Every structure is written in structure tokens, then in C-alpha cells.
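# Working through the structure, step by step
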Amino acid sequence: MTAPKLALTDSDLVALAVDVVVIGTVQGPDGLELAPGADAVAAAFDGGLPALLGVLGATGKAEEVVKAPTGGKLAAPLLIAVGLGKPGEHGVSTEQVRRAAGAAARALGKAKKAASALSAVDLGAAVEGTLLGSYTFTRYKSEPAEATLAKVDLVSPAEGAAKEHKAALKAHTAIAEAVIITRDLVNTPPNDLYPASFAERAVELANANGIEVEVLDEKALRKGGFGGILGVGGGSARQPRLVRLAYKGPKARKKIALVGKGVTFDTGGISIKPAAGMDEMTSDMGGAAAVVASVVLAAKLKYPLEIVAHVPMVENMPSGDAYRPGDVLTIYGGKTVEVLNTDAEGRLILADAMVRAAEENPDYLIDTATLTGAAVVALGKRTAGVLGTDEFRDRVAALGNAVGEGSWAMPMPEELRADLDSRLADLANVTGHRWGGMLAAGLFLKEFVPAGLPWAHIDVAGPAYNTGGPFGYVTKGGTGVPVRTIAAVLADIAANG
């Protein structure tokens, strides 16, 4: 998609030559109220705007969109009032603004230019919500897409200096663009996005942003002993890849390793999935896409960190060359795994990449994957499960929640570890039962993390792909989760170590 250009303005919304003006409403104690930034618009309606919006059905409910013709009272012919919901103890939250901005952006229709007062409430949230809510993916439509929103003027907040506002605009635009990169990759169909083409796209992004990049093909993987990646990817004519991306920022104080699951399509292999819903497995590389985009984001914002990402890319297909239930694979570094289910493939490629990532002696390790259906059963479609070392796990979950990507810290009960024991190998890739599947997957990955290394595993099987209707700033298809969580963690490490 082509994202609209965002610009700060100190101009009066009444006189701006745009197609539509967006203001916020809230559910106040005495009914509908206008959110900050709408004073001039309200004055143009001689104080009667709340009553007019009330007649049109506005209540201030979260994500409620009400449209009203301006009748010449504004230069813009149309006014959109979007609900922020009920203010909390500390006022309207960042996430409320982000969701309202997204809902408004989705409601802009054929507007080419718009202006928004939501930025007066929270600039960063308005930037992210506007860019993500206006996202569309029309690359494969045979009819040319209609011209979309080209520019949005954002009212400068009353507090803070112009320099601070410009910095916030730049940072939050970059974060939204990283989410959009992820969405585009996830939404690209698997006949066009397969291991080799995915690796090529990662190389293009790296080269465009001054990031060091290396790609291992199947021959290099075989030479290096990456048994998990080769085992899972062996059933496809499209051979696997392992991409290494490295960024070193100015005065880098900490090194972070990132790993993302890149299964460009997952049939389940010999343990084949049911046909219903298998098309959604085009999203099984969502973790890899998020990691690639996060390294690009770090380079754009020049985080004072060293970041090294290892991104395994495979297609899990059944064929005469596919790995089988009962096979034993040797993971990079020497540990052996008995395969009991070829549909538990993500942990096998992650294990290879995590061992390789740990060789670079990072201070922190984050991996993310659309890993287990059990995560969706436990937490639903909008919440990620976070596992790992206790302190870092909790830190990542808290930061994810703070940026609006629902996250929940999960345990790894030791009693489940024995259920991964294998009669043939060091461990099996699944337990012999269906209980605690997300937790068992975390225990499996733990086997490949060095003792003492702060580690967090983010299972985004639910929130990485939206199969329902759009809501807030989330459109149907790839969501870009957990890019904003990773961005928040990187910024927190840069600030606090």
C-alpha cells in the first residue's frame, strides 16, 4: 500500500482546505463531550455541535463513527466524530486514541486529504492509528485500486515544543511503517512469498537501510548442520533459507538477538492439517516478518543497540522427500529431536536459529512465532502468550500491553518437561497429550537457550492474523503483531539496559 503523508499543523481546522475533518468524542459523566482539539470546530457550530452529533446518534462510545455535513461552517464539507469511549482515572488512554484514529481512518472513504484533532489528545497514538487504520492490500486485485488517502494534517498538541512533536511524528511513523512492512509480507500469497523470495525481500530491505545481511541456502545449511531447518523444509521443491541481519547503532550498549519463525506455508507436512482454514497458514511466517521489520525499524530510528536477527524460512510440505513422524533430526549445535508430529515444525526451525543466535553472545534473546494452536485456545485471537525467563518475560509482556498489543505472561511448569522425553533422542518435538501445548512448546525451546541468558518467546498464533472483520486500527489479514511490542522492548533496553 501507499501510506498517506502525515504532517503537523498549527492551522485552524475551520479553515483547512481538506475533504474531511476528524474530531474525537468521549462518554462523559453527563453524556457526550468533545475531546481536546475540537474547540475551534465547536465554535464554528456556535456551541451546538454536541447536540447535533447527539441527534445523529453519537454517544462517544469507543470506535463509534458519526458523519455530519458541515454546511459551510468549515472549509471541509464533511466532519467525522469518532468515539474514544469512557476516560479512565488518568484520562483517555493511548490505546483509546490509537483505536479511534484507526476507526476514523477506515471511515474516510474516498477522501484524499483529511485533518485530525485526535493528535491533540495523543500525537503518537494518532499517527499509528491513522497509518494502520488506512492500510489496504490490493496488489492482487485485477481492477486498479481507487486513489486512496494521500495526506493527513495532524493538529499539533498544545503541550511540548515543536522539535519534540516532530521527533514523535518521525518515530511513530517509522513504527507504523514497520508494521505495514510486516502486514505486506504476511498478506503476500505463498506462491509469491516462499523461502527464496522471502530471503530476497529481506535482502532488499536490509540493503535499503544499511543493514548487514547474509543468506544461507540449502547447501550452506547442510554444511552448517542446521538439521531442523533442513528437515522441515526438505519436503518442498522450494528449498529453505536462513537469513542473518545485523545492525549496530551509535554507541551500542547492549546486544539483542531476534529470531522469527518463517514458515511461508504450513500444510502440516505428513501430519497434514485439515483442509478447512488451511489457507490461513499463509500467515505462518508472521514472526519472521515481524523480526525483519523490527531490524529495519531499529536502523531507521538509530537505536543505540546492536541487533542480530536469525530468520529461518521454510515451506512445510508433504512429498517423497518430506520428513516423517519417527525421524530423528540433529539440531544445530548437536542436540537430537525425535519427530512425533511434523505439524510441530516451527519449534524445530526456531531451535536451529536460537542456538546460532546464542553463539553471538547477546545480552537478550527474543523469539516470536505463530507457534501453537494451544495459544489461541488459551488466550483467544487478540492476546499473545509470552514465555521465557521470569523477569524478562514479565518485562516484555508489560511493554506489549502498554503499546496495545495484548500480552500475557505464561508459566513453563517443570512437570511438563518429562513429557518431552524421547526413547530415541534427547527430546521429542511434542508431548503425548494435548494439555498445556503452548507451555510444552516453550519448554522445548528452553532446551536451546543457554543458562543465564534473558529470553522471551512471544507466541502470536492468535493476534498475528485477523480472520474476522476490521476493528480499531487492525484490518483483515496480517496485523503486524508483535512489531510494536518488539519496538517497545528495544527502546526500553536502549533507555534502561
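Residues numbered from 1 in each chain as written. Predicted model: local features only at pLDDT ≥ 70, side-chain atom pairs only at ≥ 80, totals over all residues. Heavy atoms only, no water.

## Overview of the packing of helix 5 (residues 162-187) against helix 9 (residues 286-301)
Put simply, the rule reads: Angles shown run from 0 to 180 degrees and are taken between the N-to-C directions of axes, each axis being a line fitted to C-alpha atoms and, for helices, limited to the stretch in contact. Each helix corresponds to a stretch of at least 4 residues labelled H or I by DSSP, and each strand to a stretch of at least 2 residues labelled E; elements are numbered beginning at the N terminus. Note on terminology: angles under 35 degrees are roughly parallel, angles over 145 are roughly antiparallel, angles of 65 to 115 are roughly perpendicular, and the others are oblique. If you view the pair so one helix is near and one far, a crossing is left-handed when the near helix is turned anticlockwise from the far one by less than a right angle, and right-handed when it is turned clockwise. The contact criterion used is simple: two residues touch if any of their non-hydrogen atoms lie within 4.5 Å. Three classes are used: nonpolar for Ala, Val, Leu, Ile, Met, Phe, Trp, Tyr, Cys and Pro, charged for Asp, Glu, Lys and Arg, and polar for all others, with Gly counted as polar.
Across the interface, helix 5 lies against helix 9 with an axial gap of 9 Å and an inter-helix angle of 155°. With respect to their mutual orientation, helix 5 and helix 9 come out roughly antiparallel. Relative to helix 9, the crossing made by helix 5 is right-handed. Packed against helix 5, whose contacting residues are Lys170, Ala171, Ala174, Ile175, Glu177, Ala178, Ile181, Thr182, Leu185 and Val186, the element helix 9 presents Gly286, Ala289, Ala290, Ala293, Val296, Leu297, Lys300 and Leu301 at the interface. Classifying every residue of the contact of helix 5 with helix 9 by side-chain character gives 13 nonpolar, two polar and three charged.

## Some thoughts on the environment of Glu345
Rules: Buried, partly exposed and exposed residues are distinguished by accessible area as a fraction of the type maximum, computed with a 1.4 Å probe on protein chains only: under 20%, between the cut-offs, and over 50%, respectively.
Its place among the elements puts Glu345 in the loop between strand 14 (336-338) and helix 10 (346-358). Residue classification places Glu345 among the buried residues on the basis of a relative accessible area of 1%. Sequence spacing of Glu345 and Gly231 is 114 residues, and the spatial spacing of their C-alpha atoms is 9.0 Å. Other than its neighbours up to four places away in sequence, Glu345 contacts Val232, Lys261, Val263, Asp266, Asp284, Asn316 and Tyr323.

## Observations regarding the packing of aromatic side chains
Inclusion rule: Ring pairs shown here join Phe, Tyr and Trp side chains whose ring centres sit within 6.5 Å, with only the six-membered ring taken for Trp; geometry is labelled stacked below 30 degrees between planes, edge-to-face above 60, and tilted in between. The rule is short: NZ of Lys or CZ of Arg within 6 Å of the ring centre and within 35 degrees of the ring normal puts a charge over the ring.
Using the criterion set out here, one finds four aromatic pairs in the structure. Aromatic pair Phe137 and Tyr140: ring centres 6.2 Å apart, planes at 40°, arrangement tilted. Judged by its relative accessible area of 43%, Tyr140 falls in the partly exposed class. Note on Phe226 and Tyr332: the rings are 4.3 Å apart at their centroids and 5° apart in plane angle, and the pair reads as stacked. In this pair, Phe226 sits in the loop between helix 7 (218-224) and helix 8 (227-233) while Tyr332 sits in the loop between strand 13 (328-330) and strand 14, placing the two residues 106 residues apart along the sequence. For Tyr332, a relative accessible area of 15% gives the class buried. The positively charged end of Arg183 is found above the aromatic ring belonging to Tyr135, 5.3 Å away from the centroid.

## A look at the nonpolar core
The condition is simple: Here, nonpolar core refers to any group of buried Ala, Val, Leu, Ile, Met, Phe, Trp, Tyr and Cys residues whose side-chain atoms link them within 4.5 Å.
Core analysis: the biggest nonpolar cluster contains 94 residues, and Leu118 and Leu258 have the highest contact counts within it. A per-element tally of this core places helix 9 first, with 11 residues. Apart from the residues lying within four places of it in its own chain, the contact partners of Leu118 are Val22, Ile23, Gly24, Val82, Leu84, Val97, Ala100, Ala101 and Ala126. By size, the runner-up hydrophobic cluster in this structure holds 45 residues, among which are Leu365, Leu371, Leu443 and Leu445.

## Focus on the pairing of strand 15 (residues 364-369)
Put simply, side chains in a regular strand alternate between the two faces of the sheet. Which entries qualify depends on this criterion: Pairing between strands is defined by DSSP: at least two bridges between the two strands are required.
Among the six residues in strand 15, six count as buried, and that is most of the element. Residue alternation in strand 15 divides its side chains into two sets, Tyr364, Ile366 and Thr368 and Leu365, Asp367 and Ala369, and both sets are buried. One ladder, built from five bridges, connects strand 10 (residues 255-260) with strand 15; its direction is parallel. Residue pairing for strand 15: Leu258 is matched across the bridge by Ile366. Across five bridges, the pairing between strand 15 and strand 19 (residues 455-459) is parallel. Each residue of the ladder has a partner; that of Ala369, found in strand 19, is Asp459.

## Regarding the pairing of strand 2 (residues 20-28)
Counting buried residues along strand 2, eight of its nine residues qualify, which places the element largely inside the surrounding structure. Examined bridge by bridge, strand 2 and strand 5 (residues 78-83) share six bridges and lie parallel to one another. When the sheet's bridge partners are listed, Ile23 is paired in strand 5 with Ala81. In the sheet, strand 2 pairs with strand 6 (residues 113-116) via three bridges, with the strands oriented parallel. Across the sheet, Val21 pairs through a bridge with Ala115, a residue of strand 6. Summarising the sheet, strand 2 and strand 3 (residues 31-34) pair through four bridges and their orientation is antiparallel.

## Section: the sheet that holds strand 18 (residues 427-428)
By definition, the strands of a sheet pair up through backbone hydrogen bonds, in either a parallel or an antiparallel sense. Read from one edge of the open sheet, three strands run 13-14-18, paired in mixed fashion. The sheet is open, and its two borders are formed by strand 13 and strand 18, each paired with just one other strand.

## Describing the pattern of salt bridges
To keep it simple, the criterion reads: Every case where a carboxyl oxygen of Asp or Glu lies within 4 Å of a side-chain nitrogen of Lys or Arg is listed as a salt bridge.
Per the counting criterion, the structure on display carries 27 salt bridges. Between Glu95 and Arg98 there is a salt bridge whose closest N-O contact spans 2.4 Å. Remark: Arg98 and Glu95 occur in helix 3 (residues 94-106); sequence separation between them is three residues, near one turn of the helix. Like Arg98, Glu95 is buried. Taking the shortest distance from any N to any O, the salt bridge between Glu306 and Lys255 comes out at 3.8 Å.

## Some words on helix 3
We apply this condition: Here the expected span of a helix is defined as 1.5 Å times the quantity of residues minus one.
Its 13 residues place the ends of helix 3 19 Å apart at the C-alpha level, agreeing with the 18 Å of an ideal helix rising 1.5 Å per residue. Of all 13 residues making up helix 3, 10 are buried, and the element is well covered by its neighbours. What helix 3 keeps buried is the set Glu95, Gln96, Val97, Arg98, Ala100, Ala101, Gly102, Ala103, Ala104 and Ala105. Buried positions along helix 3 lie against strand 2, strand 4 (65-69), strand 5, helix 4 (123-133) and helix 14 (483-496).

## As for the confidence of the model for the protein chain
To keep it simple, the criterion reads: What pLDDT reports is the predictor's confidence in each residue, on a scale of 0 through 100.
Mean pLDDT over the protein chain stands at 97; residues scoring 70 or higher make up 100%. Taken element by element, the protein chain is modelled with least confidence in strand 3, mean pLDDT 95, and with most confidence in strand 19, mean pLDDT 99.

## Let's talk about the packing of helix 10 against helix 13 (residues 437-446)
Relative orientation of the contacting elements helix 10 and helix 13 amounts to 30°, with a least axis distance of 10 Å. By the angle between their directions, the pair helix 10 and helix 13 is classed as roughly parallel. In the packing of helix 10 onto helix 13, the handedness of the crossing is right-handed. Contact residues: Arg347, Leu348, Leu350, Ala351 and Met354 in helix 10; Ala441, Phe444 and Leu445 in helix 13. When its residues are assigned to classes, the contact of helix 10 with helix 13 shows seven nonpolar, no polar and one charged.

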